[in-house]
Amino acid sequence: MNRDNKLKFMTSHYKSFTYIENLHQHIGEAVTLNGWVFDKTEKGKLIFIKLRDGSGIVQCVLFKPNVSEDISANAQALTQESSVSVKGLVRAEQRAPGGVEIDVQDIKLWQVARDYPITPKEHGVEFLMEHRHLWLRSTRQHAIMRVRAAVIKAIRDFFDGNGFTLMDSPILTPNASEGTSTLFETQYFDLGKAYLTQSGQLYAEASAMALGRVYTFGPTFRAEKSKTRRHLTEFWMVEPEMAYFDLNDDMDLAEDFVEYIVQYCLKTCKRELAILGRDITKLEAVKRPFHRLSYTEAVEWLNANEIKLNKRTPDGAEVQVDFPWGEDFGAPQEEAIMTQFNKPCIIHRYPTDVKAFYMKRDVENPKVVLAMDMLAPEGAGEIIGGSQREDDFNALRERVLHENLPEHEFQWYLDLRKYGSVPHSGFGLGLERTVKWITGAEHIREVIPFPRMIYRIVP
RNA sequence: UCCGCAGUAGCUCAGCUGGUUAGAGCAUCUGACUGUUAAUCAGAGGGUCCGGGGUUCAAGUCCCUGCUGCGGAGCCA
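Residues numbered from 1 in each chain as written. Chains lettered and ligands numbered in written order. Predicted model: local features only at pLDDT ≥ 70, side-chain atom pairs only at ≥ 80, totals over all residues. Heavy atoms only, no water.

Chemist: Which residues make up the nonpolar core, and what values go with them?
Modeler: One finds Ile-155 and Ile-438 to be the most contacted residues of the largest nonpolar core, which totals 60 residues. By size, the runner-up hydrophobic cluster in this structure holds 30 residues, among which are Phe-323, Ile-347, Val-400 and Leu-405. (Core = buried A, V, L, I, M, F, W, Y, C linked by side-chain atoms within 4.5 Å. Buried < 20%, exposed > 50% of the residue type's maximum accessible area, 1.4 Å probe, protein only.)

Chemist: Can you lay out the pairing of strand E19 (residues 424-430) for me, pointing to particular residues and giving the numbers?
Modeler: For E19, the buried fraction is high: seven of the seven residues fall into the buried class. Alternating positions in E19 separate into two faces, His-424, Gly-426, Gly-428 and Gly-430 on one and Ser-425, Phe-427 and Leu-429 on the other, with burial throughout. Direction of pairing for strand E18 (residues 381-388) relative to E19: antiparallel, over a ladder of five bridges. Across the sheet, Gly-386 pairs through a bridge with Phe-427, a residue of E19. (Helix = DSSP H or I, 4+ residues; strand = E, 2+ residues; numbered from the N terminus. Pairing = 2+ DSSP bridges.)

Chemist: Which residues make up helix H2 (residues 69-77), and what values do they have?
Modeler: Taken together, the buried positions of H2 are Ile-71, Ser-72 and Ala-75. For H2, the angular spread of buried residues about the axis comes to 95°, placing them on one side. Opposite the packed face of H2, turned more than 90 degrees from it, sit the exposed residues Glu-69 and Asp-70. (Arc of directions from axis to C-beta.)

Chemist: For the environment of Arg-230, give the residues involved together with the corresponding values.
Modeler: Tracing the sequence through the fold places Arg-230 in the loop between strand E10 (213-221) and strand E11 (234-243). Owing to a relative accessible area of 33%, Arg-230 belongs among the partly exposed residues under this scheme. For the pair Arg-230 and Pro-120, spaced 110 residues apart in the sequence, the C-alpha separation amounts to 27 Å. The residues touching Arg-230, leaving out its near neighbours within four places in the chain, are Ala-331, Arg-433 and Ile-444. (Contact = heavy atoms within 4.5 Å.)

Chemist: Let's hear about the protein's contact with RNA strand B: which residues, and what values?
Modeler: In the neighbourhood of RNA strand B, 46 residues make up the surrounding shell, with Phe-63, Lys-121, Arg-222, Arg-229 and Arg-433 lying closest. Among all atoms of RNA strand B positioned within 4 Å of the protein, those belonging to sugar or phosphate total 45%. One of the backbone nitrogen or oxygen atoms of Ile-384 is found 2.9 Å away from a sugar or linking oxygen of RNA strand B. Here a sugar or linking oxygen of RNA strand B sits 3.5 Å away from a polar atom, N or O, in the main chain of Gly-385. Among the elements of the structure, strand E1 (30-43), strand E2 (46-52), strand E3 (57-63), helix H3 (125-130), E11 and E18 are those that each provide at least two residues to the surface near RNA strand B. Of the residues in the surface near RNA strand B, the class split is twelve nonpolar, 14 polar and 20 charged. (Near = heavy atom within 4 Å. Polar contact = N/O pair within 3.5 Å; in protein donor to acceptor, adjacent residues only side chain to side chain. Nonpolar A, V, L, I, M, F, W, Y, C, P; charged D, E, K, R; others polar.)

Chemist: Break down the sheet that holds strand E5 (residues 100-111) for me, with residues and values.
Modeler: Pairing within the closed barrel is mixed, and its five strands lie in the order E1-E2-E3-E5-E4. On average, each strand axis in the sheet is tilted by 55° relative to the strand beside it, whichever way the strands run. Pairing analysis gives seven bridges linking E1 to E2, with the strands arranged antiparallel. When the bridges of E2 are listed, Lys-40 appears paired with Ile-49. Contacts from H2 reach E1, E2, E3 and E5, with the element oriented near 80° to E5. (Axes fitted to C-alpha atoms, helices over the stretch in contact; angles between N-to-C directions.)

Chemist: Lay out unusual backbone geometry in plain terms, naming residues and giving numbers.
Modeler: Omega for the peptide link from Arg-288 to Pro-289 comes to -5°, which places this bond in the cis form. With respect to the helices and strands, the residue Pro-289 is situated in the loop between helix H9 (280-284) and strand E12 (291-294). In this structure, the amide linkage connecting Val-458 to the following residue, Pro-459, adopts the cis form with an omega of 0°. For Phe-189, which is not glycine, the phi torsion reads 45° and is therefore positive. Even without being a glycine, Tyr-244 presents a positive backbone phi close to 65°.

Chemist: For the packing of helix H5 (residues 139-160) against helix H7 (residues 247-268), give the residues involved together with the corresponding values.
Modeler: Two measures define how a pair of helices packs: the angle their axes make with one another and the distance between the axes. Between H5 and H7, the least distance of the axes is 9 Å, while the angle of their chain directions is 135°. In terms of their interaxial angle, H5 and H7 are classed as oblique. Considering how the two elements wind past one another, H5 and H7 form a crossing that is right-handed. Residues Val-147, Ala-150, Val-151, Lys-153, Ala-154, Ile-155, Asp-157, Phe-158 and Phe-159 of H5 pack against Leu-253, Asp-256, Phe-257, Tyr-260, Ile-261, Tyr-264, Cys-265 and Thr-268 of H7. Looking at the contact of H5 with H7 residue by residue, the classes come out as 13 nonpolar, one polar and three charged. (Parallel < 35°, antiparallel > 145°, perpendicular 65-115°, else oblique. Left-handed = near helix turned anticlockwise from the far one by under 90°.)

Structure (structure tokens):
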């Protein structure tokens, strides 16, 4: 990720040591580096130490006859992930990775690490997840975390630069906003049960009625017992909400937004994407306009291409049937639809019964709601879910009652339809699913520093 | 919750229709080497074969059961 060089205080004020990323500015000078041993190998009178400091990796070479016995003893004592300060001359060197290396003059040992568990060889995911706190030190994880940081910056730049106001929504909420999903529960003083939020959307709607264009960006919690490569129990979601936006405006914004994020990463994360071995031609193709299909067109496509639905009959047998209009798409249907496309696709106007109570019905066809999901290509799946919201007081109240939601807890939400109600729309984008897609990571757990999953809360 | 797969050295794995003392690569330790990039070469140490029960002359291997993890479905971002 390209560093923002407008803020130079880290290089101009703190002179006691140098960061590896700045070494090319110091060729011929003596510098002190502070870091950790990434790898060490000895060849006779030479010791090669690959040092990492978080900003990069550089090879430090110690030639034993050039230094005292104490210093070469220090170098020899180094183990993987030992913490050290290295003093030496910076020189350009063709044979060194990166073209720059340090001719070591002095080594100060902070701590010798014993038996670092993650060796430079292969490891299984289970083992690595148990050592997540150490796994983050590896090159590949550095690259993923920097792409994640770039995606977050792109998200904030996009909205901040387009007249949106950040309006954080609460994490503790009195009810399930969609009334369906399983939520994490806790006791809230004497006021009864509270839940960890599964979406900031209802609060974003209230904020949009105040400030016009807003977004909320924070952690979200789902207590579903999901065990897949695309689910976390704690994940980050950004949710823009716009007054006077209809569904088409919403879809246009979602396309602009996703295009901006992907193009920003291509521009600023070349090195990281190269480390990850990402095929960037696939990302370069992510340009507007994206594909769009109505739910009904998608069902017709599935049936025209004989992509059947696996259904279980009451006696337990599995049968394959034509996809029936009205059924929600699962991962297999979405994946099949996306095989046609090399850039994202929006599916819109889903059956009313499979979507949330707050979505507005299509006046032209009340059997569908003005909802939209954006699916990313390359099997990445759903990254956005959004809709135009129901803005009519009576229609919304009817939906609240129909879903057996506690009306008194939704009074404030219904109020928004009483005092200057307007058409409005928004969507939620899953941060980790987006980062997984852009980095090409196998599993969503790799793209958040400390993943929370059904059977793992440590570290 | 349902379906499938797995658990053998610190790590990644092999171990056939049950058959002597349990195998490899890497890592670790010792030694050699002035250019290593996952160095190479020589040597050494390292095992509750996930737990419990059963079948058998004999179980890492077969059966039952439990635990743990992984993947998929559902739920969704």
